[in-house]
Amino acid sequence: MVEHGSGRWPDRWLFEFWLTFLFPTGASRSNLCSPAGFVVGGVGLNGERRMLVGEFRPVVAVAMASAPLVFVVCQAASATDLAFADAAVSRGIFYIQGFPSAQFGAGQGFVDLDGDRDLDVVLTGASNGLVGVYENLGAGTFANRTFSAGIAPLTAASGFSACDYDGDGDLDLYLGGWFVTNRLLRNNGNFTFTDVTAQAGLTLVGPTMASTWGDYNGDNWIDLYVTTRTTTNGNMTANKLYRNNGDGTFTDVAAAVGVDAGIDPSLLAAFFDFDRDGDDDLYVGTDKGSGGVWKNRLYRNDGGMFTEITEAANAEAYIDCMGIAIGDLNFDGYFDLYLTNVEAGNKLFMNDGGMGFIDATAAAGMARNVFSWATVFADFNNDMHLDTYICHASAPNAMFEGSATWPLMEVAQAAGVATTGTSYTASVGDVDEDGDLDLLVGEVMSSSKLYINDSPAGNHWSRLRVIGQWPNTHAVGAVLEVQAGGVTQLREIHCGSNYKSMNEFEVHIGLGVETVVDTVTVRWPATGDTRVLTGVPANIEWEIFPPELMGDGNHDGRVNRMDLFVMLAALRDNAGPLTPGLEVLDMNGDFVLDATDVAILTAKVRPIIGTIAP
């Protein structure tokens, strides 16, 4: 759309026209906002006169009783620069999911299984029970490792998640089963896995759904929460919170700490820091809430014990909750929620400063009123605004493009991601390492879709790989505040918050036109340790190390005088703007390698080795 007289018209806009000279009060309302396009003159919201040419969709057209004017609110038609193409087969992924409707879908995920910093793929739900394992060979092409991975077929696969439960640095797999034994598979580090379910004490059998990991008790060992659709087929197995004992075993403490959710038919759950007090709270999505009986549950973490605050926080939802997306849509420093539902309509809950939630669904235009499953927030076009992807069971999948202007526009068809089959699961990650986020979608009775993001590359980005504090090697629960362009974007590293699915662990930040991130503040879970980085160059993936590892130039897990030699060699060869791979030596986090970093490292090492000549 073009606005004559004052430059380019925004891609979307809610605009009021006082049509005093084109249409009399009694004019036909149906022609005021013709989708065929028109030319119209009027007065803008701030009083300036405008002449517009474009395509519109009607929102409101009413006559004003007090004056011979027509008040018209028009909204621009869907227009987006988002563009995706399914490239699963051409890139080496061919996996046909069966018809796992009894267990409401089967899991999948983007996971780096071999520690080479690119995203591999795990898929479940095949009719023959095979668990698909695909190794990323670089730039998003894959080799099939399914038959050499050592994973026995899993009939009736349900949820999927991956986490480093034993602190050895690689991601282990948790496979949920629908009335078959769930499995914990330890990663051997070479694309093979060992079943350690029995030894770990995780031989759960029941109507299990999704799984999510988080450190609820602050000991840095990652704990596991598993939802069960309690009462299904008369099975009364309640949700489980498996405390990680730190020795390869787990103990169910759900009832003891107050999060077993009774006989609720739970579908999924997510750990996230609702109130920003430094520990992860727990939100549980419940099926069959549309009748006003069952409800979602919000549990506040109070030092490892939980207090239910559902009603106080206005978090009940009363929906058939089948998906939870977590993100800060309005840059206020608190996490908002998008919850999927049956045809009665999805919910957008905006966080009211850690006190509770406000239902903003209508204002955002995000109800959909279509049977919905997985959903995820992600900035697919790097414009700083979180977009929303939604899987559907009875209609093409949807995508709302993020914007500061509401209602949001649904753009899935234009973007090429409106897959038409029944979809339960979705995962997000940058598989081809080109600086934008790709999308993995599981479609029933069809091959899985790998939507490669081909959107224009005009916007900038930053990717941040946060190194955890052992044994939480992947920094699950770490919170980042990223300030650029006058706004602060909030992220938390989750593990299994999607419906039965896994996103990448790397933190992806869209920067729009900004080429430098002003500040990145990282808070590690459990310890509360914090680092502040400044002047972070865009369009690069950076590693962020915790305070105790800063200066460990030879990466042996210790900071000593040997690291001083590494520092001096790096300063000799790479002084000046920081280059990837040397982040651990940037002691003051200013992204410049200089004598200041040497001085800080020297001071850090001095108590360890005695007096060092300055």
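See the structure printed just above.
Below: a short report on this structure. The structure presented is a predicted model; accordingly, all values stated were derived computationally and were not measured.

**Things to note about a negative patch on the surface**
And step 1. There is a patch of like negative charges on the surface, built from Asp116, Glu433, Asp434 and Asp454.
And step 2. Relative to the helices and strands, Glu433 is located in the loop between strand 32 (423-429) and strand 33 (438-443).

**Let's talk about the environment of Met550**
And step 1. Structurally, the position occupied by Met550 is in the loop between strand 42 (541-544) and helix 5 (561-574).
And step 2. For Met550, a relative accessible area of 4% gives the class buried.
And step 3. The spacing of Met550 and Lys604 is 54 residues in sequence and 9.4 Å in space, taken between C-alpha atoms.
And step 4. In contact with Met550, other than residues within four places in its own chain, are Arg531, Phe545, Val559, Glu583, Val584, Leu585, Asp586, Met587 and Lys604.

**Topic: the environment of Gly177**
And step 1. Within the secondary structure layout, Gly177 lies in strand 13 (residues 172-177).
And step 2. For the pair Gly177 and Ala157, spaced 20 residues apart in sequence, the C-alpha separation works out to 4.6 Å.

**Thoughts on empty space enclosed by the protein**
And step 1. The final tally for this structure, using the stated rule, is 5 cavities of 30 Å³ or more.
And step 2. In terms of lining residues, the largest cavity is bounded by 29 residues, among which Phe377, Arg491, Glu492, His494 and Asn503 are the most central.
And step 3. At the level of elements, strand 24 (324-327), strand 28 (372-378), strand 37 (487-492) and strand 39 (507-512) are the ones that each hand at least two residues to the lining of the largest cavity.
And step 4. Lining the second largest cavity, in full, are Asp112, Arg117, Asp118, Leu119, Asp430, Glu433, Arg463, Glu504, Glu506 and Glu541.
And step 5. Here the lining of the second largest cavity is composed, by residue class, of 1 nonpolar, no polar and 9 charged.

**Overview of the side chain of Asn296**
And step 1. Here Asn296 shows up in the loop between strand 21 (281-286) and strand 22 (297-302).
And step 2. Assessed through its relative accessible area of 0%, Asn296 is described here as buried.
And step 3. Side-chain polar atoms of Asn296 contact the side chain of Tyr283, separated by 3.0 Å.
And step 4. Here Thr286 takes part through its backbone nitrogen, which lies 2.8 Å from a polar atom of the side chain of Asn296.
And step 5. Here Asn296 is in contact with Tyr283, Val284, Gly285, Thr286, Thr310, Ala315, Glu316, Ala317, Cys321 and Leu339, once residues within four sequence places are set aside.

What counts, and where the lines are drawn
- Residues numbered from 1 in each chain as written.
- Predicted model: local features only at pLDDT ≥ 70, side-chain atom pairs only at ≥ 80, totals over all residues.
- Heavy atoms only, no water.
- Patch = residues over 30% accessible without salt bridge, like charges linked within 9 Å, V, L, I, M, F, W, Y side chains within 5 Å.
- Areas by Shrake-Rupley, 256 points an atom, 1.4 Å probe, with all protein chains shown as cover.
- Salt bridge = Lys/Arg side-chain N within 4 Å of Asp/Glu carboxyl O.
- Lys, Arg positive; Asp, Glu negative; His and termini not counted.
- Charge placed at Lys NZ, Arg CZ, Asp CG, Glu CD.
- Helix = DSSP H or I, 4+ residues; strand = E, 2+ residues; numbered from the N terminus.
- Buried < 20%, exposed > 50% of the residue type's maximum accessible area, 1.4 Å probe, protein only.
- Contact = heavy atoms within 4.5 Å.
- 1 Å grid on protein atoms, 1.4 Å probe; cavity = no way out; pocket = protein on both sides within 12 Å on 5 of 7 lines; lining within 4 Å.
- Points joined across faces, edges and corners; volume = space filled by probe spheres on them.
- Nonpolar A, V, L, I, M, F, W, Y, C, P; charged D, E, K, R; others polar.
- Polar contact = N/O pair within 3.5 Å; in protein donor to acceptor, adjacent residues only side chain to side chain.

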